[in-house]
Amino acid sequence: MAKKLFSRGEVMHLANLAHVKLTEKEVAQYQKQLSETIAYIENLSEITHQHVEKKEKKQNVFFDDQTSPVRILSPDQALANTKHKKDQYFSVKKIM
Amino acid sequence: MNIVGTSGIELIRLLQTKKMSSSELQEFFLKRIKKYDNQFNAYVTTVEEKKNVSNGQPLFGLPIAIKDNFCTKGVRTTASSKVLNDFIPPYDATVVTKLKKAGCILLGKTNMDAWAHGSSTETSDFGVTKNPHDLTRVPGGSSGGSAAAVCAYLAPLAIGSETAGSIRQPAAWCGLVGLKPTYGRVSRYGVIAMGSSLDCPGSITRTVSDAALLLGILAGHDPYDATSEIISVPDYLSCLKNKEPLTIGVSDEYFDNVQPEVSAKVQEALDVFRKHGHRIKKIKLISPKYAISVYTIIQRAEVSSNLARYDGIRYGNGREYLGQEAKRRIMLGTYTLSHGYYDAYYKKAEIVREVIRADFKRVYKDVDVIIAPTTPMTALKIGEWEKYPFFGEMMDILNEPGAIAGLPAINIPVGLDSNHLPIGMQIIGRHFDEETIVRLAHQYEEETDFFGVTKQILKKYQD
């Protein structure tokens with residue numbers, strides 16, 4: 001694969017998708033660092049894998065559909081760590 | 001009574017025979033923390049509150065330090081990130097519940113790389129932790145605070161967590177025993193998640209017996225962690241007596257780019273095993289450099305998803321408090337998981353992960369354990385990481401293959417280098433075969449006393 005170079009726009013786009021804010025300096029840094037990392041991990045294409053044993057069987061694990069009394073938080077406990085609440089609710093920005 | 005350096009098991013004996021009370025012991029460590037921790041910065045939070053313990057509990061009032069990514073009810077838990085600067089969990093992690101039930105007293109929460117992203121504690125938002133062997137150097141990481149605390153005896157033993165190297169590497173750089181159990185052996189419930197398919201709670205201790213004691217308490221299935229296995233837990237302390245000869249695999253690939261002094265000490269340690277009837281067998285494993293790529297892709301992907309929950313709504317501060325390392329990892333994970341790149345990166349990494357797992361499985365048909373250096377070099381100076389592109393991965397290169405395969409491993413000290421810095425060696429075992437690595441490590445300790453590495457350092461930090 002050709003060497004991938006991250007453009008300023010691509011880094012900004014990723015930051016936007018990931019909801020992180022970057023300074024100008026960080027954008028330049030990440031352009032370089034993300035490109036270097038992607039260049040390194042290309043070495044995986046050197047590994048051929050025709051002879052891999054079949055993946056061990058994985059299975060889903062489910063909880064019983066009932067609440068565990070030990071793990072229930074009271075409204076006060078649930079709200080104890082928030083900085084944004086109104087009465088017994090978390091308050092968030094309008095989304096519509 | 002000078003108890004500096006006394007192991008957890010010996011302290012329990014002192015408590016049980018009433019030579020000391022639990023609150024006296026807690027006071028002893030809190031005093032040492034006050035006296036010395038301004039030099040190391042091993043703790044983010046200390047707990048002064050005294051607790052009553054009852055006879056019959058296996059750890060009977062033993063104080064313990066816990067890495068700050070384990071939720072502790074009512075005690076601030078930050079993962080060393082300002083995002084969680086004032087987060088007070090309303091519940092305990094399963095590991096914490098088990099320790100409390102066994103009679104442990106929480107001394108405090110130890111510093112780490114923020115979100116466990118790093119190998120030196122330099123990414124902590126609460127300042128770097130310093131290595132008690134040389135205060136100009138890092139203790140390793142991410143469980144660097146736990147390692148520094150045990151090294152300078154600001155705690156008799158500590159809990160750490162490892163995704164790939166975060167227990168073994170700081171244990172190596174601080175000259176301690178670091179046990180990373182099999183993935184699924186110890187519950188991850190209540191541990192602030194980094195790479196969920198890799199994260200593994202474990203211990204940092206001064207002796208192998210203490211590691212065996214703690215594993216016996218922490219191991220076991222937990223209904224709150226769907227990836228914890230339903231598999232019986234052996235008595236790790238009684239298996240330490242076993243001295244039957246083993247076949248030890250050694251792979252040249254794990255000595256590439258390793259400092260000659262480090263390689264030499266590991267070879268000397270192999271001679272100790274040879275002398276006691278164990279057989280050393282050359283094996284060939286896939287180069288660990290591929291594990292770096294697999295690990296980088298999978299871990300960043302899991303980080304980007306795990307850290308998505310920190311939005312500052314229900315708890316903690318907003319995402320503007322995320323540090324540079326966290327942002328870098330989140331963005332790379334977002335990229336490799338995104339449409340059009342998923343197959344080239346994430347899927348490919350999952351396939352090579354299976355290749356590496358199969359490679360170990362093949363080798364374990366012929367050998368009982370694998371021995372390798374834990375790190376390619378000894379502890380670096382603070383700030384030196386900038387000289388190494390890919391610093392964390394380069395320091396953890398020898399830990400990553402085993403971690404992505406989910407294997408258990410233990411670091412033990414095998415000597416000092418010419419700068420008087422500890423050198424670590426790891427014993428990697430089969431899935432869920434902690435018994436064998438622990439008993440082999442114990443035999444080495446009995447024979448060598450780790451050449452005094454864990455003890456001599458305490459001359460600098462007497463009471």
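Structural notes, computed from the coordinates.

**As for the overall build of chain A**
Next up, step 1: Looking only at helices and strands, one finds 3 helices and 2 strands in chain A.
Next up, step 2: The order of α-helices and β-strands along chain A, N terminus first, is α-α-α-β-β.
Next up, step 3: The buried share among the 96 residues of chain A stands at 23%.
Next up, step 4: At a minimum sequence separation of 6, the contacts of chain A that also span at least 24 residues come to 27%.
Next up, step 5: Accessible area of chain A: about 8,200 Å², with a carbon and sulfur share of 55%.

**Some thoughts on the overall build of chain B**
Next up, step 1: On a plain count of helices and strands, chain B comes out with 14 helices and 11 strands.
Next up, step 2: Taking 23 Å as the expected radius of gyration for a compact globule of 463 residues, we find that chain B reaches 20 Å, a close match to that expectation.
Next up, step 3: Among the 463 residues that make up chain B, the fraction classed as buried is 69%.
Next up, step 4: Across chain B, every contact between residues at least 6 apart in sequence was considered, and the portion connecting residues at least 24 apart equals 76%.
Next up, step 5: Within chain B, the 51 negative side-chain charges are centred at a point lying 1 Å from the centre of the 55 positive side-chain charges.

**A few points about helix H10 (residues 343-363) of chain B**
Next up, step 1: In this model H10(B) runs 29 Å from its N-terminal to its C-terminal C-alpha over 21 residues, within 8% of the 30 Å that 1.5 Å per residue would give.
Next up, step 2: Counting buried residues along H10(B), 15 of its 21 residues qualify, which places the element largely inside the surrounding structure.

**Section: the interface of chain B and chain A**
Next up, step 1: In this complex, chain B contributes 47 residues to the contact, which on the side of chain A involves 46 residues.
Next up, step 2: Of the roughly 4,200 Å² buried at the junction of chain B and chain A (both faces included), carbon and sulfur atoms supply 64%.
Next up, step 3: Inspection of the chain B/chain A interface yields 2 salt bridges.
Next up, step 4: The salt bridge involving B:Lys327 is made with A:Glu26; its shortest N-O contact spans 3.0 Å.
Next up, step 5: Where chain B meets chain A, there are 19 residue pairs in polar contact (both at pLDDT 80 or more).
Next up, step 6: In terms of residue count, the dominant contributor to the side of chain B that touches chain A is H10(B) (12 residues).
Next up, step 7: Looking at side-chain class alone, the side of chain B that touches chain A contains 28 nonpolar, 8 polar and 11 charged residues.

**Details of the packing of helix H2 (residues 24-41) of chain A against helix H9 (residues 324-336) of chain B**
Next up, step 1: Put simply, H2(A) and H9(B) touch, their axes get as near as 11 Å, and they point 55° apart. One element, H2(A), and the other, H9(B), form an angle in the oblique class. Here the hand of the crossing between H2(A) and H9(B) comes out right-handed. Listed contacts from H9(B) to A:Glu26, A:Gln29, A:Tyr30, A:Gln33, A:Leu34, A:Thr37 and A:Ile38 of H2(A) are B:Gln324, B:Lys327, B:Arg328, B:Met331, B:Leu332, B:Tyr335 and B:Thr336.

**Let's talk about the pattern of salt bridges**
Residue and element names in this part refer to chain B.
Next up, step 1: Taken as a whole and judged by the stated rule, the model has 27 salt bridges over all chains.
Next up, step 2: Here Lys-387 ties to Glu-384 by a salt bridge, and the two come within 3.4 Å at their closest N and O atoms.
Next up, step 3: You can call Lys-387 exposed: its relative accessible area is 59%.
Next up, step 4: A relative accessible area of 16% means that Glu-384 is categorised as buried.
Next up, step 5: Look at the salt bridges and you will find they share partners, linking Glu-325, Arg-328 and Arg-329 into a network.

**A few points about the side chain of B:Thr77**
Residues and elements named next belong to chain B.
Next up, step 1: Along the chain, Thr-77 turns up in the loop between strand E2 (63-67) and helix H3 (94-101).
Next up, step 2: Assessed through its relative accessible area of 0%, Thr-77 is described here as buried.
Next up, step 3: Within the local environment of Thr-77, its side chain forms a polar contact with the side chain of Thr-72, the two groups lying 3.1 Å apart.
Next up, step 4: In this structure, Thr-77 is in contact with Asp-68, Asn-69, Phe-70, Cys-71, Thr-72, Leu-84, Phe-87, Pro-89, Lys-109 and Ile-192, ignoring residues within four places of it in sequence.

**What about helix H2 (residues 22-40) of chain B?**
All names here are of chain B.
Next up, step 1: With 19 residues, H2 extends 25 Å between its outermost C-alpha atoms, agreeing within 8% with the 27 Å of an ideal straight helix rising 1.5 Å per residue.
Next up, step 2: Along H2, the sharpest change in direction is near 45° and occurs at Lys-34.
Next up, step 3: Those residues of H2 that are buried lie in contact with helix H1 (8-16), strand E1 (43-46), E2 and strand E3 (105-110).
Next up, step 4: Note on H2: the residue one or two positions beyond its end, Asn-41, has a positive phi of about 60°.

**Thoughts on the pairing of strand E9 (residues 369-373) of chain B**
Along any regular strand the residues' side chains alternate between the sheet's two faces.
Residues and elements named next belong to chain B.
Next up, step 1: Across the 5 residues that make up E9, a large majority, 5, are buried.
Next up, step 2: Bridge analysis of strand E7 (residues 247-251) against E9 gives 2 bridges, and the strand direction is parallel. Considered in E9, the bridge of Gly-249 is made with Ile-370.
Next up, step 3: With 5 bridges connecting them, E9 and strand E11 (residues 422-429) associate as antiparallel partners. Of the residues in E11, the one forming a bridge with Ile-371 is Ile-427.

**Brief notes about the nonpolar core**
All names here are of chain B.
Next up, step 1: In terms of nonpolar packing, the biggest core is built from 160 residues, with Leu-59, Leu-99, Trp-115 and Ile-427 touching the most fellow members.
Next up, step 2: Among the elements that make up this core, the one with the highest residue count is helix H8 (residues 288-306) (9 residues).
Next up, step 3: Once you skip the residues sitting within four places of it in the chain, Trp-115 turns out to touch Ala-79, Ser-81, Val-83, Leu-84, Ile-192, Met-194, Leu-307, Tyr-310, Leu-322 and Ala-326.
Next up, step 4: If you look at the next biggest cluster of nonpolar residues, it comprises 9 residues, including Val-138, Ala-379, Leu-380 and Met-395.

**Some details on unusual backbone geometry**
Residues and elements named next belong to chain B.
Next up, step 1: Cis geometry marks the peptide bond from Gly-141 to Ser-142, where omega comes out at 10°.
Next up, step 2: Summarising the element assignment, Ser-142 is placed in the loop between E3 and helix H4 (144-151).
Next up, step 3: With a phi angle near 65°, His-420 is a residue other than glycine that sits in the positive phi range.
Next up, step 4: Mapped onto the elements of the fold, His-420 is located in the loop between strand E10 (409-416) and E11.
Next up, step 5: Despite not being glycine, Phe-432 shows a phi value in the positive range, around 60°.
Next up, step 6: On the basis of relative accessible area, Phe-432 is assigned to the buried category, the value being 19%.

**Examining the sheet that holds E3(B)**
By definition, the strands of a sheet pair up through backbone hydrogen bonds, in either a parallel or an antiparallel sense.
All names here are of chain B.
Next up, step 1: Taken in spatial order, the 11 strands of this open sheet run E1-E3-E2-E4-E6-E5-E10-E11-E9-E7-E8, and their pairing is mixed. Each edge of the sheet is formed by a strand with only one pairing partner; in this case those strands are E1 and strand E8 (279-283). Each adjacent strand pair in this sheet contributes to an overall mean axis angle of 30°, direction not counted.
Next up, step 2: Direction of pairing for strand E5 (residues 177-180) relative to E10: antiparallel, over a ladder of 3 bridges. Note on E10: the bridge partner recorded for Leu-179 is Ile-410.
Next up, step 3: Where H2 meets the sheet, it contacts E1, E2 and E3, and its direction lies at approximately 20° from that of E3.
Next up, step 4: Running at roughly 180° to E2, H3 makes contact with E2, strand E4 (158-162) and strand E6 (200-205) of the sheet.

Parameters at a glance
- Residues numbered from 1 in each chain as written.
- Chains lettered and ligands numbered in written order.
- Predicted model: local features only at pLDDT ≥ 70, side-chain atom pairs only at ≥ 80, totals over all residues.
- Heavy atoms only, no water.
- Helix = DSSP H or I, 4+ residues; strand = E, 2+ residues; numbered from the N terminus.
- Buried < 20%, exposed > 50% of the residue type's maximum accessible area, 1.4 Å probe, protein only.
- Contact = heavy atoms within 4.5 Å.
- Areas by Shrake-Rupley, 256 points an atom, 1.4 Å probe, with all protein chains shown as cover.
- Rg over C-alpha atoms; globule rule 2.2 N^0.38 Å.
- Lys, Arg positive; Asp, Glu negative; His and termini not counted.
- Charge placed at Lys NZ, Arg CZ, Asp CG, Glu CD.
- Expected span 1.5 Å × (residues − 1).
- Buried area = accessible area lost by both parts, 1.4 Å probe.
- Salt bridge = Lys/Arg side-chain N within 4 Å of Asp/Glu carboxyl O.
- Polar contact = N/O pair within 3.5 Å; in protein donor to acceptor, adjacent residues only side chain to side chain.
- Nonpolar A, V, L, I, M, F, W, Y, C, P; charged D, E, K, R; others polar.
- Axes fitted to C-alpha atoms, helices over the stretch in contact; angles between N-to-C directions.
- Parallel < 35°, antiparallel > 145°, perpendicular 65-115°, else oblique.
- Left-handed = near helix turned anticlockwise from the far one by under 90°.
- Bend = angle between axes of the 7 residues up to and from the residue.
- Pairing = 2+ DSSP bridges.
- Core = buried A, V, L, I, M, F, W, Y, C linked by side-chain atoms within 4.5 Å.

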